[in-house]
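Below are the chains, spelled out letter by letter.
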Number of protein chains: 2
Amino acid sequence: MKTTEHTIDRRVARTRAALHQALISLILKKGYGSITVDEICEAANVGRSTFYLHFTSKDDLKQSGLSHLRRQRVEAAARAATGDQGTGRLSFSLAMFEHARDHLDLYRALAGSRGGTVALDTIRQILSELVRAELEPAAASSSDAMPREFVVQYIVGAFMAVLTWWLDGGAKMPPERIDAMFRRLAFDGAIARNS
Amino acid sequence: MKTTEHTIDRRVARTRAALHQALISLILKKGYGSITVDEICEAANVGRSTFYLHFTSKDDLKQSGLSHLRRQRVEAAARAATGDQGTGRLSFSLAMFEHARDHLDLYRALAGSRGGTVALDTIRQILSELVRAELEPAAASSSDAMPREFVVQYIVGAFMAVLTWWLDGGAKMPPERIDAMFRRLAFDGAIARNS
DNA sequence: CTGTTATCAGACACAATGTTCATTTTGGCG
DNA sequence: CGCCAAAATGAACATTGTGTCTGATAACAG
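Residues numbered from 1 in each chain as written. Chains lettered and ligands numbered in written order. Predicted model: local features only at pLDDT ≥ 70, side-chain atom pairs only at ≥ 80, totals over all residues. Heavy atoms only, no water.

Going by the annotation in an unreviewed UniProt entry, the name recorded for chain A is HTH tetR-type domain-containing protein, with Ensifer adhaerens given as the source organism.

## Let's talk about the interface of chain B and chain A
With 38 residues of chain B in contact, the opposing surface of chain A contributes 38 residues. For the pair chain B and chain A, the summed buried surface comes to about 3600 Å²; carbon and sulfur atoms form 67% of the total. The largest contributions to the chain B side of the interface with chain A come from F150, Y154 and I191 of chain B, which together make up 21% of the buried area. At the surface where chain B touches chain A, the tally comes to four residue pairs in polar contact (both at pLDDT 80 or more). When contributions to the side of chain B that touches chain A are tallied by element, the ones reaching two or more residues are helix 7 (116-135), helix 8 (148-168) and helix 9 (175-188) of chain B. Looking at which element gives the most residues to the side of chain B that touches chain A, the answer is helix 8 of chain B, with 11 residues. For the side of chain B that touches chain A, the per-class residue count stands at 23 nonpolar, seven polar and eight charged. (Contact = heavy atoms within 4.5 Å. Buried area = accessible area lost by both parts, 1.4 Å probe. Polar contact = N/O pair within 3.5 Å; in protein donor to acceptor, adjacent residues only side chain to side chain. Helix = DSSP H or I, 4+ residues; strand = E, 2+ residues; numbered from the N terminus. Nonpolar A, V, L, I, M, F, W, Y, C, P; charged D, E, K, R; others polar.)

## Brief notes about helix 4 (residues 58-82) of chain A
Residues and elements named next belong to chain A. Its 25 residues give helix 4 an end-to-end C-alpha distance of 37 Å, which sits within 8% of 36 Å, the value for a rise of 1.5 Å per residue. If you check which residues of helix 4 are buried, you get K58, L61, K62, L66, L69, R73, A76, A77 and A80. In this structure, the buried side of helix 4 is in contact with helix 1 (10-30), helix 2 (37-44), helix 3 (48-54), helix 5 (92-102), helix 6 (104-111) and helix 7 (116-135). (Expected span 1.5 Å × (residues − 1). Buried < 20%, exposed > 50% of the residue type's maximum accessible area, 1.4 Å probe, protein only.)

## Topic: the packing of aromatic side chains
Summed over all chains, the structure comprises 17 aromatic pairs over all chains. When the centroid spacing of 5.6 Å and the interplanar angle of 90° are considered together, the rings of F97 of chain A and W166 of chain A count as edge-to-face. You can see F97 of chain A sitting in helix 5 and its partner W166 of chain A sitting in helix 8 (residues 148-168), a full 69 residues away along the chain. Judged on exposure class, the residue F97 of chain A and its partner W166 of chain A are both buried. Geometrically, the ring pair formed by F97 of chain B and F159 of chain B is tilted, given 5.0 Å between the ring centres and 50° between the ring planes. Here F159 of chain B lies in helix 8 and F97 of chain B lies in helix 5 (residues 92-102), a separation of 62 residues in the sequence. Like F159 of chain B, F97 of chain B is buried. (Phe/Tyr/Trp six-rings, centres within 6.5 Å; stacked < 30°, edge-to-face > 60°.)

Below, the structure is given as structure tokens:
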């Protein structure tokens, strides 16, 4: 036997990369739902049988791409949380906006109004973990019987909506600006009290 | 010719109702994505050719159901806005939670974690219109260059997330309670300021 | 009752999925 | 370089779901 070691054959690396790239470019072009496996293969110049050699379905391909992202985000959050605490809480937010700016196409495919359900749900899940972890120490703050999970869902929902809006609009504002606005609403409330 | 009047043949009414009902019950059972037209027809006891006599596709059936909802919600919002202003702003919120409680199955199918993309997007759209309209008069409040649309997306995103969470958990808390928590976060902020 | 209209079952063409197999490339390594 | 195991290929195939169309049957409205 040669080496099944943990080095990856260049051929599989190229094939997988081509397929991933083809997918996100197709999502941007025509939305996730209507893409067929044939189209992905043609766009990636890969035989259809080869596709099924690596992934079991279109969704599998997508999920595979998302697992990378999950690892990256969790690491980044760990760094942000320990590093500078000057940002107060919600340390994930700025890092996320910046990461999105640096990989615009990827994020537009994943969290843009195109892209469908799967990615959104996964990202939501990742963020929920991060926020939940951040809220953990502040257990005392949620005093009057407000379930912690409620707050988590509220924040993550708001963040995702804002992120999607920013991406769909072309991500023109700088990440710092969006982040500042998001934190402002999260800390001080979104609506001015009437009286 | 008889009458094409505006009265609807009983057979048509029964068929359509059966199909709509079958759809939401199937969504609850196995999620929207994997449902086939065949299954819908069998569940509704309707011939497949008859299905295509009324709707062009699965999505068409879903959209048709949503258009009812849209009309209802817009009317309800109009009533709530003019009626009692005692609730402050965000008058749509309580009405929505109550309506959801009264039609639990429907809402669990549309906004639960099952149900997929189409419904969520439509509901988000409806809510955006309502919030946008409510924010209109308070134009002055968003003083320092915070785009109004940003606030709209933030609020709607947070609301949808909270609604979904409540529904997926079985909608155990009373609407008033959820509503109060939502308003609290929206008005006073979700995170306690550090210092 | 009568004519209109909805429903039905079944057959059809079509598109996409996922599997299998024999054959050809190609990257890794001695 | 030259070997060979692993990867890629294209073609064929069975399967499932879609959407259309037919002629026959049943149910409604007047």
